[in-house]
2 protein chains.
Amino acid sequence: MRRLNVALEHVKERGIECGIVLKPENIFYLTGFFPSSQAALLLKQEPLLLVSKMDAALASAGCVEFKVFEKLEKELKLKYKNVGIEKKYANIKFYEKYLAGKNIQDLNFIEEMRKIKDKEEIEKIKKAIKIAGDALAEVADALEGKTEREVAAMAEYAIKKRAGAAFEAMVASGKNSSIPHHMPSDKKIKPYEAVIIDIGAKVGYYNSDISRTLNSNPDTYGAVIEAQRAGIKECYAGNEISSADSAVRSVLREYALEEFFLHSSGHGVGIEVHEAPKIAKDTEGKFEAGMVVTIEPGIYKDFGVRVEDMILIGKNPKILSKKVKPC
Amino acid sequence: MRRLNVALEHVKERGIECGIVLKPENIFYLTGFFPSSQAALLLKQEPLLLVSKMDAALASAGCVEFKVFEKLEKELKLKYKNVGIEKKYANIKFYEKYLAGKNIQDLNFIEEMRKIKDKEEIEKIKKAIKIAGDALAEVADALEGKTEREVAAMAEYAIKKRAGAAFEAMVASGKNSSIPHHMPSDKKIKPYEAVIIDIGAKVGYYNSDISRTLNSNPDTYGAVIEAQRAGIKECYAGNEISSADSAVRSVLREYALEEFFLHSSGHGVGIEVHEAPKIAKDTEGKFEAGMVVTIEPGIYKDFGVRVEDMILIGKNPKILSKKVKPC
């Protein structure tokens, strides 16, 4: 209820008569109810959650009054002139149908709010890290002779018998490790071959996201670890977010490896696996206590190396995935 | 290449100077390359695929010239006045940034094209059905004493050691079966308790989607099966799509069960698990040869029943999932 009230304050301050929240993750964040099908949360003087018949039995889990709609279309033909919407979520069709001619403002403050995790959220993320870490340890000892697909299936099984999966496990071996988003294939893993494993669990809608590389070239691996440590060191409240990315890059540059680093240095993790803040060169803003982010330098040459840990921002960086082996 | 040419013809006919395809499924359909991160396919005189560095190594799998972008933003500042966009995919932020002031048209013809599957697509779907069916048979014999979560994990493991998963397996037992989108929980499955299992596999980016109900009340189950058969009978080329939904509903009405049927009667399946056409009351248009759809009546009272099969439309309906047990 507290979050909903904060959101209602934001809406009021901005002169928005009605905010229309469509993104399930944001509805969950504000109400405690995660819709499984079409839904809308109306942020107005008397907030109202609109849910389909399919979700009727569950919507009472939320902290807000709800109405089961027959046709969502009818409910969204609103008379308000000043309307809020998630501009990165609502599509152009929606705009043309419901918003054309209105004054619209972005409801991006919800995802700003989500950046700072409270105690309960951090607990769920910690549990999700523990489960992913246990799964990693389990499969790391049993790679040889199996296909990438089998290892990915085993890792997900280890996660799913205890929790949800955050995303489909990535297992990339040998040359395949040079592809950042390789999909597990029927390739068999050979002894002493480089393998990147990237997995995550989901506990109470909160995710973890961890990567480890086994049997990699010690030189490249050493450089990536050094870059990661340098990045993590910058992850403290009050420091510029972009400085973590710079620190990672400057170590890789020293080793003449920067050109093989193909993605950003990390991202926030919470109800979504990838959420704000992005840890990148052009990210504006400072780290704040309660943010949870990944730091994940990766090098993709003939073979790949990626090491990804999750950090809780505070006065100092706290590596939440410190116990995840191999490390 | 044929599909791309058809799309270019559509674009030309509509006077669109440049179509911007953002949805990964549509890029894959037109080019054979499935982007794993930000990408855009420009449908213009000389079509061009824009991919991130992360996808550079894979983009050559596509049938179209590609360029690796440094910043996608720069590439999308296009000078064309008449632009095409996927209006149900591109968001309002994108509209404001790149499209404001232009004449924009919907690229919805791509998803219209996708409705009709060719031989190769149908082969992939058949393989995905076989794998999901085998997984279903495997877990159906081993439910007792396990939790919903364990059964879902087992089903996904059975699928993932051979292929991709289409979506997270649903296993809903006892009272939980009355919730259409129940997420697998730690509840143990008791002997002779109703259990709905809804699973699917993914082969070469094509999905299957099948549901079975075990140990349900024979009366309700009988009504659902009768409704499903009536719906399937309507699935032939030239017939109104909505008539399959009407047929399902009229049987359920006879048994005074219609009010407990909370969703539509089915949907197309292909590169997406849910795609056009929706099998619903208000769907306009006729079945065409080569469509692949589900017919899936469900009743959600104290306990739930759902039976979902996949049908290939032709002169007569062909049940692709006929061999999936239990049936």
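Residues numbered from 1 in each chain as written. Chains lettered and ligands numbered in written order. Predicted model: local features only at pLDDT ≥ 70, side-chain atom pairs only at ≥ 80, totals over all residues.

## Quick look at the overall build of chain A
Inclusion rule: Going along the chain from the N terminus, every DSSP run of H or I of four or more residues is numbered as a helix, and every run of E of two or more is numbered as a strand. Radius of gyration means the value over C-alpha atoms here, while the globule rule gives 2.2 Å times the residue count to the 0.38 power. To assign burial, the other C-beta atoms lying within 10 Å of each residue's own C-beta are counted, with C-beta atoms placed from the backbone; 20 or more indicates buried, 12 or fewer indicates exposed, and intermediate counts indicate partly exposed. Contact between residues is assigned whenever the C-beta positions, reconstructed from backbone atoms, fall within 7 Å.
A tally of helices and strands in chain A yields 9 helices and 19 strands. At 22 Å, chain A has a C-alpha radius of gyration in line with the 20 Å of a compact globule built from 327 residues. Each principal axis of the C-alpha distribution contributes one length, and for chain A these read about 65 × 40 × 35 Å. The buried share of chain A, reckoned over its 327 residues, is 49%. If you take every contact in chain A between residues at least 6 apart in sequence, the share linking residues at least 24 apart comes to 62%.

## Some remarks on the environment of Val293(B)
Structurally, Val293(B) can be placed in strand S15 (residues 292–295). It is 8.9 Å that separates the C-alpha atoms of Val293(B) and Glu275(B), two residues lying 18 residues apart in sequence.

## Describing the sheet that holds strand S6 (residues 103–106) of chain A
Neighbouring strands of a sheet are bound in pairs by backbone hydrogen bonds; such pairs are parallel or else antiparallel. Residues and elements named next belong to chain A. Cut-off, in case you're wondering: Strands qualify as paired when DSSP identifies two bridges or more between them. Fitting a line to C-alpha atoms yields each axis, with helices limited to the stretch in contact; the angle taken between N-to-C directions then spans 0 to 180 degrees.
The mixed open sheet is built from 6 strands, whose spatial order is S4-S3-S2-S1-S5-S6. Each end of this open sheet is capped by a strand with a single partner; those strands are strand S4 (66–68) and S6. Recorded for the sheet is a direction-independent mean angle of 25° between the axes of neighbouring strands. One ladder, built from 3 bridges, connects strand S1 (residues 18–21) with strand S2 (residues 39–43); its direction is antiparallel. Considered in S2, the bridge of valine 21 is made with leucine 41. With respect to the sheet, helix H2 (residues 24–31) is in contact with S1, S2 and strand S3 (48–51), its orientation differing from that of S2 by roughly 50°.

## Side note on the sheet that holds strand S7 (residues 164–165) of chain A
Residue and element names in this part refer to chain A. Strand order in the open sheet formed by 3 strands is S7-S10-S11, and the pairing between neighbours is antiparallel. The open sheet terminates on both sides in strands that have one partner only, identified here as S7 and strand S11 (206–207). Looking at chain direction, strand S10 (residues 201–203) and S11 are connected through 2 bridges and run antiparallel. Bridge pairing links valine 203 to tyrosine 206 in S11. Of the strands in this sheet, S10 and S11 touch helix H6 (residues 119–140), which is tilted by about 145° from S10.

## A closer look at unusual backbone geometry
Residues and elements named next belong to chain A. Along the chain, alanine 276 connects to proline 277 via a cis peptide bond; the corresponding omega equals -5°. Notably, tyrosine 192 is not glycine yet its phi reads approximately 60°, a positive angle. By the element assignment, tyrosine 192 lies in the loop between strand S8 (170–173) and strand S9 (195–199).

## What about the nonpolar core?
Threshold: By definition, a nonpolar core groups buried Ala, Val, Leu, Ile, Met, Phe, Trp, Tyr and Cys residues that connect through C-beta atoms lying within 7 Å of each other.
Membership of the largest hydrophobic core comes to 192 residues, with the highest contact counts inside it found for Ala155(A) and Ala155(B). When residues no more than four places from it in sequence are discounted, the contact partners of Ala155(B) are Ala135(B), Val139(B), Ala169(B), Ile197(B) and Ile199(B).

## Let's talk about the interface of chain B and chain A
Spelled out, the test is: By the convention adopted, Pro, Cys, Tyr, Trp, Phe, Met, Ile, Leu, Val and Ala count as nonpolar, Lys, Arg, Asp and Glu as charged, and the other residues, Gly among them, as polar.
The interface of chain B with chain A comprises 28 residues on the first partner and 28 residues on the second. It is helix H7 (residues 148–160) of chain B that contributes the most residues to the side of chain B that touches chain A, 7 residues altogether. Of the residues in the side of chain B that touches chain A, the class split is 14 nonpolar, 5 polar and 9 charged.

## Things to note about the packing of helix H1 (residues 2–13) of chain B against helix H2 (residues 24–31) of chain B
All names here are of chain B. Note the threshold: Our angle categories are set so that under 35 degrees counts as roughly parallel, over 145 as roughly antiparallel, 65 to 115 as roughly perpendicular, and the remainder as oblique.
Interaxial distance between H1 and H2 falls to 6 Å at its minimum, and their mutual angle equals 110°. Of the possible angle classes, the one that applies to H1 and H2 is roughly perpendicular. Contacts between H1 and H2 pair Arg3, Leu4 and Ala7 from the former with Tyr29, Leu30 and Thr31 from the latter. Taken together, the residues of the contact of H1 with H2 break down into 4 nonpolar, 1 polar and 1 charged.

## Remarks on the pairing of strand S14 (residues 275–279) of chain B
Residue and element names in this part refer to chain B. Across 3 bridges, strand S13 (residues 266–268) lies against S14 in antiparallel orientation. Note that in S14 the partner of glycine 268 across the bridge is glutamate 275. Between S13 and S14, which pair antiparallel and follow one another directly, the connecting turn spans 6 residues.

## Notes on the pairing of strand S1 (residues 18–21) of chain B
Residue and element names in this part refer to chain B. Side chains of S1 alternate between two faces, with Cys18 and Ile20 and Gly19 and Val21 buried alike. With 3 bridges connecting them, S1 and strand S5 (residues 82–85) associate as parallel partners. Bridging across to S5, cysteine 18 finds its partner in valine 83.

## As for the relation of the copies chain B and chain A
The condition that has to hold: Copies are brought into register by a least-squares superposition over C-alpha atoms of residues with pLDDT of at least 70 in both.
In screw terms, the move from chain B to chain A is a rotation of 180° and a rise of 0.0 Å along the axis, fitting with an RMSD of 0.0 Å. With respect to symmetry, the two chain copies, as superposed, fit the operation of a two-fold axis. By C-alpha distance to the rotation axis, the residue of chain B lying nearest is Asn91(B), at 2.0 Å. Here 100% of the interface residues in chain B have copies in chain A that are interface residues too; the copies meet face to matching face.

## Observations concerning the packing of helix H8 (residues 218–233) of chain A against helix H9 (residues 242–254) of chain A
Residues and elements named next belong to chain A. Convention followed: It is the rotation of the near helix from the far one that decides the hand of a crossing: anticlockwise by less than a right angle makes it left-handed, clockwise makes it right-handed.
Orientation of H8 relative to H9, taken along the N-to-C sense of each, is 155°, at an axis distance of 7 Å. Between H8 and H9, the interaxial angle falls into the category roughly antiparallel. In this structure, H8 meets H9 at a crossing whose hand is right-handed. For the pair H8 and H9, contact is made by Ala223, Glu226, Ala227, Gln228, Ala230, Gly231 and Lys233 and by Ala244, Ala247, Val248, Val251 and Leu252, respectively. Its residues assigned to classes, the contact of H8 with H9 comprises 8 nonpolar, 2 polar and 2 charged.

## Looking at the environment of Pro277(A)
Residues and elements named next belong to chain A. Among the secondary structure elements, proline 277 is positioned in strand S14 (residues 275–279). Placed 249 residues apart in sequence, proline 277 and phenylalanine 28 show a C-alpha to C-alpha distance of 19 Å. Non-local contacts of proline 277, meaning those with residues more than four positions away in its chain, are made with Lys115, Ile241, Gly268, Thr283, Gly285, Met291 and Val293.

## Details of the domain arrangement of chain A
All names here are of chain A. Worth spelling out the cut-off: Segment limits for the domains were obtained from an automatic or database-derived domain assignment.
Domain boundaries assigned for chain A yield domain 1 (2–114) and domain 2 (119–319). When each unit is reduced to the centre of its C-alpha atoms, the spacing between domain 1 and domain 2 is 33 Å. Opposite the 6 residues of domain 1 that make contact, domain 2 presents 6 residues. Mapped by element, the contributors of at least two residues to the side of domain 1 that touches domain 2 are H2 and helix H5 (109–114). Take the side of domain 1 that touches domain 2: its biggest share by element is 3 residues, from H2.

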